[in-house]
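Architecture at a glance
Here is how the chains run, residue by residue.
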Protein chains: 2
Amino acid sequence: MSNYTKIGKVEGARTELHDKLNLTGAEISVNTLDAGSCVPFVHAHKANEEIYFVISGKGKVVVDDEEITLNEGDWIRIAPAGKRQFFASPDSPISFICIQVKAGSLGAYTAEDAL
Amino acid sequence: MSNYTKIGKVEGARTELHDKLNLTGAEISVNTLDAGSCVPFVHAHKANEEIYFVISGKGKVVVDDEEITLNEGDWIRIAPAGKRQFFASPDSPISFICIQVKAGSLGAYTAEDAL
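Residues numbered from 1 in each chain as written. Chains lettered and ligands numbered in written order. Predicted model: local features only at pLDDT ≥ 70, side-chain atom pairs only at ≥ 80, totals over all residues. Heavy atoms only, no water.

Digging into the overall build of chain A
A tally of regular secondary structure across chain A gives 0 helices and 8 strands. Ordered by position in the sequence, the α and β elements of chain A form the string β-β-β-β-β-β-β-β. Oriented by its inertia axes, the alpha-carbon framework of chain A measures out at about 45 × 30 × 25 Å. Each of the 115 residues in chain A was classed as buried or not, and the buried ones make up 52%. (Helix = DSSP H or I, 4+ residues; strand = E, 2+ residues; numbered from the N terminus. Buried < 20%, exposed > 50% of the residue type's maximum accessible area, 1.4 Å probe, protein only.)

Here's what the structure looks like:
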């Protein structure tokens, strides 16, 4: 069996990669919000931390009632308990990656885990 | 204590985000290889799977002696045992994200982990 799984560029409002990439330690989604739109709910997590990367565009995220501006290239890590909601800018869409991992699950990494 | 950590766009040959973002379930690095250059070693992992996303440019990765072409927007998941080496194209740099997580560590996710 091959040690890798590859897929090409994904497009659309939301694509979940867990099954497409045979992930076992993360779920990753690729998301695009049209200008002026938002994720239509606030959510938090039980066990998972989320890391977001802005691929393009701009917008904001509200975490626990605090507004945080987002621009291309920005990274944000949100703890499981953080109540979050993402918004595109009124005049720009936003595309971002969401990486979901179990908080506290990483042991050794990089040089300590490498062979 | 705030439930989030944010940083702006990172640049340069390699930036490791674990400590900058207070990550506990992943290590993430942002990497750029100049045209014609490569990561100067082959590596595998003991426990961690890696997921790579090509932000821009083009190149290839060799996994267990198989060459896989990489273009902007591509995703590849490599199992811990996969022996890997990344190369920029002879005529283009490549910038990519590497997400390192412990294989098998994700429990419930998305709807099942959400509140």
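Notes on the relation of the copies chain B and chain A
Of the two same-sequence chains, chain B is brought onto chain A (RMSD 0.0 Å, axial shift 0.0 Å) by a rotation of 180 degrees. Expressed as an axis order, the relation between the two copies is that of a two-fold axis. When C-alpha positions in chain B are compared against the rotation axis, the closest is assigned to serine 105 of chain B, at 3.1 Å. (Least-squares fit on C-alpha atoms with pLDDT ≥ 70 in both.)

A word on the confidence of the model for chain A
A residue-level look at chain A finds 100% of positions with pLDDT of 70 or above and a mean pLDDT of 97. For this predicted complex, the interface score ipTM comes out at 0.94, alongside a pTM of 0.95. (pLDDT = per-residue confidence, 0-100.)

Quick word on the nonpolar core
Generally speaking, soluble globular proteins have nonpolar side chains that are buried together. Of all hydrophobic cores here, the largest spans 28 residues; its most connected members are Ile28 and Trp75 of chain A together with Ile28 and Trp75 of chain B. Mapped by element, the contributors of at least two residues to this core are β3 (27-33), β4 (48-63) and β8 (94-102) of chain A together with β3 (27-33), β4 (48-63) and β8 (94-102) of chain B. (Core = buried A, V, L, I, M, F, W, Y, C linked by side-chain atoms within 4.5 Å.)

Re the pattern of salt bridges
Residues and elements named next belong to chain A. Tallied over the entire structure, the rule returns 12 salt bridges over all chains. Between lysine 58 and aspartate 91 there is a salt bridge, with its nearest N and O atoms 3.9 Å apart. In this pair, lysine 58 sits in strand β4 while aspartate 91 sits in the loop between β7 (84-88) and β8, placing the two residues 33 residues apart along the sequence. For aspartate 91, a relative accessible area of 59% puts it in the exposed group. (Salt bridge = Lys/Arg side-chain N within 4 Å of Asp/Glu carboxyl O.)

Details of the environment of lysine 83 of chain A
All names here are of chain A. On the secondary structure map, lysine 83 appears in the loop between β6 (75-78) and β7. Between the alpha carbons of lysine 83 and glutamate 112 there is a distance of 34 Å; along the sequence they are 29 residues apart. Residues contacting lysine 83, with those up to four places away along its chain left out, are Val42, His43, Ala44, Val62, Val63 and Asp64. (Contact = heavy atoms within 4.5 Å.)

As for the pairing of β3 of chain A
Residues and elements named next belong to chain A. Most of β3 sits inside the fold, with 6 of its 7 residues counted as buried. As judged from the 3 bridges shared by strand β2 (residues 14-16) and β3, these two strands associate in the antiparallel manner. The partner of arginine 14 across the bridge, within β3, is asparagine 31. In this sheet, β8 lies alongside β3 in antiparallel orientation, the contact comprising 7 bridges. Note that in β8 the partner of leucine 33 across the bridge is isoleucine 94. (Pairing = 2+ DSSP bridges.)

Some details on the pairing of strand β6 (residues 75-78) of chain B
Of the two faces of β6 of chain B, both are covered, the one formed by Trp75 and Arg77 of chain B as well as the one formed by Ile76 and Ile78 of chain B. Sheet topology note: the strand β1 (residues 4-7) of chain A/β6 of chain B ladder contains 4 bridges and is antiparallel. Looking at the pairing, threonine 5 of chain A lines up with arginine 77 of chain B of β6 of chain B.

Quick notes on the packing of aromatic side chains
The tally for this structure, following the rule as stated, stands at 8 aromatic pairs over all chains. The interplanar angle of 40 degrees and the centroid separation of 4.2 Å between the aromatic rings of tyrosine 52 of chain B and phenylalanine 86 of chain B together place this pair among those described as tilted. Of this pair, tyrosine 52 of chain B sits in strand β4 while phenylalanine 86 of chain B sits in strand β7 (residues 84-88), placing them 34 residues apart in sequence. Each member of the aromatic cluster is reached from another via a ring pair, and the members are Tyr52, Phe86 and Phe96 of chain A. In this structure, lysine 60 of chain A is placed above the aromatic ring of phenylalanine 87 of chain A, and the distance from its NZ or CZ to the ring centre is 4.9 Å. (Phe/Tyr/Trp six-rings, centres within 6.5 Å; stacked < 30°, edge-to-face > 60°. Lys NZ or Arg CZ within 6 Å of the ring centre and 35° of its normal.)

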